[in-house]
Protein chains: 2
Amino acid sequence: MTTARRDTYTPETLLSVAVRVFNERGYDGTSMEHLSRAAGISKSSIYHHVAGKEELLRRAVSRALDGLFGILDEEHARVGRAAGRLEYVVRRMVEVLIAELPYVTLLLRVRGNTATERWALERRREFDHRVAALLEAAAEDGDVRDDIEGRLATRLVFGMINSIVEWYRPDGRGAGEREVADAVARLVFGGLRKDG
Amino acid sequence: MTTARRDTYTPETLLSVAVRVFNERGYDGTSMEHLSRAAGISKSSIYHHVAGKEELLRRAVSRALDGLFGILDEEHARVGRAAGRLEYVVRRMVEVLIAELPYVTLLLRVRGNTATERWALERRREFDHRVAALLEAAAEDGDVRDDIEGRLATRLVFGMINSIVEWYRPDGRGAGEREVADAVARLVFGGLRKDG
């Protein structure tokens, strides 16, 4: 990455470098100096593209959030019984998480120290609520068990899905995107027990 | 905490202060100065109790690891069909995680920069393997589905359980230890689908 020539930088490529550094050092622990060194361009060249590191953070978490909220607009998330829509959303969440791995990783690590971070947390909560509402609708339809409180169930399912960022490596050696999405959907809806 | 008198400190109480600071600032970001300020005692008083911050880390993660490995020695984890033992272990993991919340939180955040951290990661992996072996035994017995690769299933189940440290607050307002353990056991073994 450090061999990239300064004039080849676009806001997109700069963003991908910034996200890598944010994930390695933490957003708070990253200075413009760190970004400049990682990108191999001067700080003033970075300021040519963006107003500062908070703008890079906003763009990065927006990309993750757009991916997640985009799922809810897809036809299979809007049409049909709530349980089927929920299963579709869970599977697609895994796919988006893997497709946008560094961006979602960053989103999940946001703490809330800046306005942008607080906004990102607020949007995450909104997404969680939309999925929780789907789960509750499925429970009302009688398709999903109602002996686990809806918010608790949503938290646990999100916990399982989000934990994928901790170990998934897109090197083609471990389980692929499809295999992980299938595994999560089977576990979340059917559980481990055979014929259970 | 800062009002505690220096002569009331024991290795135990010092440990609980250290774990809180490690979880807030990160282990790497914590200096003896930070610990001294948080405990309200001088650095030399801390050195009276321990050799340094790495010893505090080792004691703290040992407490979490002893709690987790202790589960595997309990009768219900050793006797009976593998599936029943696995369900017992999953439920107890949730209970230990909640009972030792700050210690397990620290264990889960360990990175591997020091010998103690690498040792802790190694022990965590060992625990994961023990539980994965139980899951594979249950699959061989035909009690647990075999259409999800064992290591992947273990990772996802651990992901769900470990995510509890992100939101569980022992303030008595949210779900209690028992309710969370029940919810995890139901989800992991039975899944969300009704009569599924």
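For every chain, the first residue of the written sequence is number 1, and numbering continues from 1 onward in sequence order. Chain letters start at A and ligand numbers start at 1, both assigned in the order the entries are written. Reporting in this predicted model follows two pLDDT cut-offs: at least 70 for local features of residues, and 80 or more for side-chain atom pairs to be given and counted; totals over whole chains, interfaces and linings ignore these cut-offs and use all residues. Heavy atoms throughout the structure, all of them, feed into the side-chain values; hydrogens and water do not.

Brief notes about the overall build of chain A
What counts here: In this description a helix means any DSSP run of H or I spanning at least four residues, a strand means any run of E spanning at least two, and both kinds are numbered starting from the N terminus. Burial classification: accessible surface area is computed with a 1.4 Å probe over protein chains only, and a residue below 20% of its type maximum counts as buried, one above 50% as exposed, and the rest as partly exposed. Any two residues whose heavy atoms approach within 4.5 Å are treated as being in contact. Positive: Lys, Arg. Negative: Asp, Glu. His and the chain ends are not part of the count. Where a charge lies is defined by one atom per residue type, namely NZ (Lys), CZ (Arg), CG (Asp) and CD (Glu).
Scanning chain A for helices and strands turns up 11 helices and zero strands. Ordered by position in the sequence, the α and β elements of chain A form the string α-α-α-α-α-α-α-α-α-α-α. Taking the principal axes of its C-alpha atoms as reference, chain A extends roughly 60 × 40 × 30 Å. The buried share of chain A, taken over its 196 residues, is 51%. Put simply, of all contacts in chain A between residues at least 6 apart along the chain, 65% involve residues at least 24 apart. Where the 31 positive side-chain charges of chain A centre and where its 31 negative ones centre are 6 Å apart.

Observations regarding the packing of aromatic side chains
We count it as follows: Here a pair means two rings of Phe, Tyr or Trp (six-membered ring of Trp) with centres within 6.5 Å. Their orientation is stacked below 30 degrees between planes, edge-to-face above 60, and tilted elsewhere. Cation placement over rings: the criterion is NZ of Lys or CZ of Arg within 6 Å of the ring centroid and within 35° of the ring normal.
Following the criterion strictly, the structure yields eight aromatic pairs over all chains and no others. Measuring from centroid to centroid gives 6.1 Å for Phe127(A) and Phe158(A), while their planes differ by 75 degrees, and the two rings are edge-to-face. Here Phe127(A), found in helix H8 (residues 115-140), pairs with Phe158(A), found in helix H9 (residues 150-162); they are 31 residues apart in sequence, far enough to count as distant. For the pair Phe127(A) and Phe158(A), a shared accessibility class is recorded, and that class is buried. Taken together through their ring pairs, the aromatic side chains of Phe69(A), Phe127(A) and Phe158(A) make up a single cluster. It is Lys53(B) that lies over the ring of Tyr27(B); its NZ or CZ is 4.2 Å from the centre. Geometry around Phe69(B) places Arg123(B) over its ring, the cationic atom sitting 4.0 Å from the centre.

A few points about the relation of the copies chain B and chain A
Just so we agree on the cut-off: Fitting of the copies onto one another was done by least squares over C-alpha atoms, counting residues only where both copies have pLDDT of at least 70.
For these two chains of identical sequence, chain B goes onto chain A by a turn of 180 degrees and a shift of 0.0 Å along the axis, with RMSD 0.0 Å. Taken together, these values place the two copies in the relation of a two-fold axis. A share of 100% of the interface residues of chain B reappears at the interface of chain A, consistent with the copies meeting face to face through the same patch.

Points about the pattern of salt bridges
Selection rule: Definition used for salt bridges: Asp or Glu carboxyl oxygen within 4 Å of a side-chain nitrogen of Lys or Arg.
Applying the stated criterion to the full structure yields 34 salt bridges over all chains. In this structure, the salt-bridge partner of Asp147(A) is Arg186(B), at a minimum N-O distance of 3.6 Å. Here the residue Asp147(A) occupies a position in the loop between H8 and H9, and Arg186(B) occupies one in helix H11 (residues 177-190), the pair thus bridging two chains. With a relative accessible area of 36%, Asp147(A) lands in the partly exposed category.

Details of the side chain of Arg92(A)
All names here are of chain A. Rule in force here: Counting of polar contacts relies on pairs of N or O atoms within 3.5 Å, with two restrictions inside protein: one atom must be capable of donating a hydrogen and the other of accepting it, and residues adjacent in sequence are counted only when both atoms are side-chain atoms.
Tracing the sequence through the fold places Arg 92 in helix H6 (residues 82-99). Reaching out from Arg 92, the side chain makes a polar contact with the side chain of Glu 95 at a distance of 3.0 Å. Non-local contacts of Arg 92, meaning those with residues more than four positions away in its chain, are made with Ile 71 and Glu 74.

Quick notes on the side chain of Glu55(A)
All names here are of chain A. The topology assignment puts Glu 55 in helix H4 (residues 53-73). Separated by 2.6 Å, the side chains of Glu 55 and Arg 59 make a polar contact. Contacts of Glu 55, omitting those with residues within four sequence positions, involve His 49 and Val 50.

Section: the domain arrangement of chain A
Many structure descriptions define interface size as the accessible area lost when the parts assemble. Residue and element names in this part refer to chain A. Stated precisely, the cut-off is as follows: Start and end positions for the domains come from either an automated domain assignment or a database one. Values labelled buried area give the accessible surface lost by two parts on being combined, using a 1.4 Å probe and summing over both.
Domain boundaries in chain A define domain 1 (6-50) and domain 2 (60-190). Between the C-alpha centres of domain 1 and domain 2 the distance comes to 28 Å. If you look at the interface, domain 1 gives eight residues, while domain 2 gives 10 residues. Contact between domain 1 and domain 2 buries roughly 730 Å² in total, counting both sides, with carbon and sulfur atoms accounting for 55%. For domain 1, the biggest contributors to the area lost against domain 2 are Val 19, Asn 23 and Tyr 27; these three give 57% of the whole. At the boundary of domain 1 with domain 2, the tally comes to one salt bridge. Here Glu 12 and Arg 63 are joined by a salt bridge, their closest N and O atoms 3.3 Å apart.

A short note on a positive patch on the surface
To keep it simple, the criterion reads: Patch definition: residues with relative accessible area over 30% and no salt bridge; like charges joined within 9 Å; nonpolar side chains (Val, Leu, Ile, Met, Phe, Trp, Tyr) joined within 5 Å. The protein chains shown are the only cover counted for residues, whose accessible areas, like all others here, come from Shrake-Rupley with a 1.4 Å probe.
A cluster of basic residues, Arg109(A), Arg169(A), Arg111(B), Arg151(B) and Arg155(B), forms a positive patch on the protein surface. Its location among the elements puts Arg169(A) in the loop between helix H10 (164-167) and helix H11 (177-190).

Let's talk about the UniProt feature "DNA-binding region" (unreviewed entry) in chain A
This is how it is decided: UniProt positions are given in the numbering used here, feature names are shortened, and annotations may be inferred rather than shown by experiment.
Here the UniProt feature "DNA-binding region" (unreviewed entry) sits at residues 31-50 of chain A. Spanning residues 31-50 of chain A, this segment combines 75% helix with 0% strand, and its end C-alpha atoms are found 14 Å apart.

Details of the layout of surface pockets
The test is simple: Cavity: a set of points on a 1 Å grid over the protein atoms alone where a 1.4 Å probe fits but cannot get out. Pocket: an open set with protein on both sides within 12 Å along at least five of seven lines, its lining residues, like those of a cavity, having an atom within 4 Å of a point. Grid points are joined across faces, edges and corners, and a volume is the space filled by probe spheres set on the points. Think of it as three bins: nonpolar holds Ala, Val, Leu, Ile, Met, Phe, Trp, Tyr, Cys and Pro, charged holds Asp, Glu, Lys and Arg, and polar takes everything else, Gly as well.
Looking at the second largest pocket, its volume works out to about 260 Å³. Every residue lining the second largest pocket is listed: Glu149(A), Arg151(A), Leu152(A), Arg155(A), Glu166(B), Trp167(B), Tyr168(B), Arg169(B), Asp171(B), Gly174(B), Ala175(B) and Glu179(B). Broken down by secondary-structure element, the contributors of at least two residues to the lining of the second largest pocket are H9 of chain A together with helix H10 (164-167) of chain B. Of the residues forming the lining of the second largest pocket, the biggest block, three residues, is contributed by H9(A). For the lining of the second largest pocket, the residue count by class is four nonpolar, one polar and seven charged.

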